[in-house]
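Structural features, examined
So the chains spell out like this:
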Protein chains: 2
Amino acid sequence: MQTLQQKASEWSGVPTNEAFSIDETNLFQKLGLQTFINLSTNFYNRVYDDEQEWFRSIFANSKKDEAIQNQYEFFVQRMGGPPLFSQRRGHPALIGRHRPFPVTHQAAERWLHHMQQALDTTPDIDDDSKIKMMNFFRHTAYFLVAGDELKNPNEQIPCKHAAGKDNS
Amino acid sequence: MQTLQQKASEWSGVPTNEAFSIDETNLFQKLGLQTFINLSTNFYNRVYDDEQEWFRSIFANSKKDEAIQNQYEFFVQRMGGPPLFSQRRGHPALIGRHRPFPVTHQAAERWLHHMQQALDTTPDIDDDSKIKMMNFFRHTAYFLVAGDELKNPNEQIPCKHAAGKDNS
């Protein structure tokens, strides 16, 4: 059976060592807090304005300013900065926290499309950092697609409660 | 609605700032890799020999040497060392990876019992590190209990597949 990591690498096309090349340099020290805030603000401005309603609707129950803060605090923590996310919200628990959302291949690609645009239009992100971050994001997006598929077995288990009921 | 973090703090009795006091010092630099290997070996020796069959059986489908490596690589990564876990297995994704297991309050307490014993009998762990780690473990154990409860809604949804079948 393929592991989450193997699926993430195969589906994203990003080998594990490239996905975690963000750990070779301290991107937080290099880019600074404000750049991460700008990046996440830029990203979610695009997401909440997405012309594709199916994607925009995934975020309909989340407040934009909270989504921005959750994201940049995680990025800062994961890329060499202080553990802002865990201090406020606990473990990242990426798969667990994405459980309410339909993280499909299509959704992963749309997320990555907006993130690429955001990286390209946020000032002060050098090309090397951009490549490292995009590899990390691409691998992580498909790691979450793989995690999302774990939900299905449970949903397909026949449940006692339903026996004899008509749920059609 | 309570967040995962709020439930973890309430149920464990460990406030968030104490849970993440592991981030105040670099425990990996202080203790060294071998101490983490010894701790996880000590811990899983106890778990796999547990006289309580209900707890031992949770680990029956996992190999002990793999369980040891997964654990110390995560601890090393989370406590200031190199990202050994992610390089090999990807994101920790604590809730997602614990999904196959019944992480109940009772199981959390049993896990913590063995970890306290392991900490107390592994050489070269000073009292301050021990307290910081135990607070982190206690909070995290209940974070996972909270994460485990997320599974239930899905399981209780009546499923179409089962309609008319007798699953008793």
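- Labelled according to an unreviewed UniProt entry, chain A appears under the name Two-on-two hemoglobin-3, originating from Vicia faba.
- Under the UniProt heading Subcellular location (unreviewed entry), the entry covering chain A gives this text: "Cytoplasm, Cytosol".
- On record in UniProt, under Sequence similarities (unreviewed entry), the comment for chain A is "Belongs to the truncated hemoglobin family. Group II subfamily."

**As for the overall build of chain A**
- Assigned secondary structure in chain A consists of 11 helices and 0 strands.
- The secondary structure elements of chain A, listed N-terminal to C-terminal, are α-α-α-α-α-α-α-α-α-α-α.
- Burial status across chain A gives 49% buried among its 168 residues.
- A separation threshold of at least 6 residues defines the contact pool for chain A, and within that pool the share at least 24 residues apart is 73%.
- By element, 49% of the accessible surface of chain A is carried by carbon and sulfur atoms, the whole surface being about 8200 Å².

**As for the nonpolar core**
- Core analysis: the largest hydrophobic core is formed by 48 residues, its most contacted members being Phe36(B), Phe75(B), Met79(B), Met115(B), Met133(B) and Phe137(B).
- Those elements that place two or more of their residues in this core are helix 1 (4-12), helix 3 (27-31), helix 4 (33-48), helix 6 (64-78), helix 8 (94-97), helix 9 (105-121) and helix 10 (127-149) of chain B.
- For this core, the element with the most residues is helix 10 of chain B, which contributes 10 residues.
- The next biggest cluster of nonpolar side chains, apart from the first, holds 47 residues, and it includes Phe55(A), Leu112(A), Ala118(A) and Leu144(A).

**Concerning unusual backbone geometry**
All names here are of chain B.
- Despite not being glycine, Ala93 has its phi angle at roughly 45°, a positive value.
- Positionally, Ala93 belongs in the loop between helix 7 (84-89) and helix 8.
- We note that Asp124 has phi near 70°; this positive angle belongs to a residue other than glycine.
- With respect to the helices and strands, the residue Asp124 is situated in the loop between helix 9 and helix 10.

**Some details on the packing of aromatic side chains**
- Taken as a whole and judged by the stated rule, the model has 28 aromatic pairs over all chains.
- On the numbers, 4.8 Å between centres and 75° between planes, the contact of Phe43(B) with Tyr44(B) is edge-to-face.

**Observations regarding the confidence of the model for chain A**
All names here are of chain A.
- For chain A, the average pLDDT comes to 91, and 90% of its residues sit at 70 or higher.
- Of the regions scoring below 50 in pLDDT, residues 154-168 engages in 39 contacts with residues more than four places distant in sequence or in other chains.
- Reported confidence for the predicted complex is 0.86 by ipTM and 0.88 by pTM.

**Looking at the side chain of Lys151(B)**
Residues and elements named next belong to chain B.
- Along the chain, the position of Lys151 falls in helix 11 (residues 151-156).
- Overall, Lys151 belongs to the buried group, its relative accessible area being 9%.
- At 2.8 Å, the side chain of Lys151 and the side chain of Asp148 are in polar contact.

**Re the side chain of His114(A)**
- Examined against the element boundaries, His114(A) turns out to sit in helix 9 (residues 105-121).
- Apart from residues no more than four positions distant in its own chain, His114(A) is found in contact with Phe43(A), Arg46(A), Val47(A), Asp50(A) and Phe55(A).

**Section: the environment of Val145(A)**
Residue and element names in this part refer to chain A.
- As for its position among the elements, Val145 is in helix 10 (residues 127-149).
- For Val145, a relative accessible area of 1% corresponds to the buried category.
- Counting along the chain gives 30 residues from Val145 to Met115, while the straight-line C-alpha distance between them is 17 Å.
- Once you skip the residues sitting within four places of it in the chain, Val145 turns out to touch Trp11, Val103, Thr104, His105 and Ala108.

Parameters at a glance
Residues numbered from 1 in each chain as written. Chains lettered and ligands numbered in written order. Predicted model: local features only at pLDDT ≥ 70, side-chain atom pairs only at ≥ 80, totals over all residues. Heavy atoms only, no water. UniProt positions renumbered as here; feature names shortened; annotations may be inferred. Helix = DSSP H or I, 4+ residues; strand = E, 2+ residues; numbered from the N terminus. Buried < 20%, exposed > 50% of the residue type's maximum accessible area, 1.4 Å probe, protein only. Contact = heavy atoms within 4.5 Å. Areas by Shrake-Rupley, 256 points an atom, 1.4 Å probe, with all protein chains shown as cover. Core = buried A, V, L, I, M, F, W, Y, C linked by side-chain atoms within 4.5 Å. Phe/Tyr/Trp six-rings, centres within 6.5 Å; stacked < 30°, edge-to-face > 60°. pLDDT = per-residue confidence, 0-100. Polar contact = N/O pair within 3.5 Å; in protein donor to acceptor, adjacent residues only side chain to side chain.

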